[in-house]
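# Understanding the architecture of this molecule
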Amino acid sequence: SVRYDPGQWRNLDGKLTEFMGLGAVSGKRVMDFGCGLGLDAMLYASRGAEVVLADMHPKLLRVAQRTVCLSGRIPSRVVVVSSEWPYFHAVDWHNQGLDLFWSFGVLHHFPYMAKVMERVCKLLNPGGECRVLLYSDKRWREMMGEEPPEETWKHPRFQEFIRKCDTVGNYADWYDRKKLARVVEPFAEVTACDYLCNGQFIGAVVRPKMGE
């Protein structure tokens, strides 16, 4: 897939697939949040992960299920995501939490991202982590030609930024390590962060705080 070609911008120099942590997911439970067509989920499944698909769109979930099956495995769960609390249901997981929460280019469209992340962190098994890709401050600078505002939704060019980043939604934000750390500070910490996909995204590892 061109998506994972190390010569292309998305996986430039192989940094995206390295960030996915594929070498340590065999036997682990991985949720692909905002899975879309299921390409990342299929890659995780092909490395031996037990995959949970999560998306707002039932039609995409059906496609993603078929995509994952191409790896020779089937998803362990298919979860419909909602814009309202609790965002997705996990009551029937029989005390099986998540080892890895993966989300590529989705959570920056959630104005309530902090609440989603807090819920996810409570579902992580000991040693579990979140790996997320979010629009970066560099993306704002390149698209808008100015320094990014602290409160994006109050900026007079907010709607312009949305149109350039998300043609079907109504919200988009940018992040750097400092801003993301501030969002998750009450319940988690950012343990690693780097620019990926030619600087268009930050890739961040988020882990629950001890005792949370």
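Here's a quick rundown of the structure.

### Considerations on the nonpolar core
Of all hydrophobic cores here, the largest spans 36 residues; its most connected members are Tyr44, Leu53, Trp102 and Leu133. If we ignore the near neighbours within four places in the chain, the residues touching Leu53 are Asp32, Cys35, Ala41, Leu61, Ala64, Gln65, Val68, Pro75, Arg77, Val78 and Val79. Met31, Val52, Val116 and Ala204 belong to the second-largest nonpolar core, a separate cluster that totals 34 residues.

### As for unusual backbone geometry
Cis geometry marks the peptide bond from Trp85 to Pro86, where omega comes out at 10°. The topology assignment puts Pro86 in the loop between strand S3 (77-80) and strand S4 (98-104). If you check the backbone angles, Asp13 has positive phi at about 60° while not being a glycine. Along the chain, Asp13 turns up in the segment before helix H1 (15-19). Of the residues examined, Asp13 reaches a relative accessible area of 62% and is grouped as exposed. Its identity is not glycine, yet Tyr87 carries a phi of approximately 75°, on the positive side.

### Structural notes on the packing of aromatic side chains
Remark: the centre distance and the inter-plane angle together describe each pair of aromatic rings, the angle taken between the planes. The final tally for this structure, using the stated rule, is 14 aromatic pairs. Centroid distance Trp85 to Tyr87: 5.6 Å. Interplanar angle 85°. Geometry classified as edge-to-face. Trp85 sits in the exposed class, given a relative accessible area of 59%. Its relative accessible area of 5% is what places Tyr87 among the buried residues. Note on Trp140 and Phe161: the rings are 4.7 Å apart at their centroids and 50° apart in plane angle, and the pair reads as tilted. Note that Trp140 is positioned in helix H5 (residues 137-144) and Phe161 in helix H6 (residues 158-165), a separation of 21 residues in sequence. Residues Trp140 and Phe161 agree in their burial class; the two are buried. By the ring-pair criterion, three or more aromatic residues cluster together here, those being Phe19, Tyr44, Trp102, Phe104, Tyr135, Trp140, Phe161 and Phe201. Lying across the ring of Phe201, Arg139 places its NZ or CZ 5.6 Å from the centre.

### Examining the packing of H5 against H6
Two elements in contact, H5 and H6, have axes separated by 11 Å at closest approach and are oriented at 100°. Relative to H6, the element H5 is oriented roughly perpendicular. Contacts from Arg139, Trp140, Met143 and Met144 in H5 reach Glu160, Phe161, Lys164 and Cys165 in H6. For the contact of H5 with H6, the per-class residue count stands at five nonpolar, no polar and three charged.

What counts, and where the lines are drawn
Residues numbered from 1 in each chain as written. Predicted model: local features only at pLDDT ≥ 70, side-chain atom pairs only at ≥ 80, totals over all residues. Heavy atoms only, no water. Core = buried A, V, L, I, M, F, W, Y, C linked by side-chain atoms within 4.5 Å. Buried < 20%, exposed > 50% of the residue type's maximum accessible area, 1.4 Å probe, protein only. Contact = heavy atoms within 4.5 Å. Helix = DSSP H or I, 4+ residues; strand = E, 2+ residues; numbered from the N terminus. Phe/Tyr/Trp six-rings, centres within 6.5 Å; stacked < 30°, edge-to-face > 60°. Lys NZ or Arg CZ within 6 Å of the ring centre and 35° of its normal. Axes fitted to C-alpha atoms, helices over the stretch in contact; angles between N-to-C directions. Parallel < 35°, antiparallel > 145°, perpendicular 65-115°, else oblique. Nonpolar A, V, L, I, M, F, W, Y, C, P; charged D, E, K, R; others polar.

Take it as geometry only, folks, not as evidence of what the structure does.
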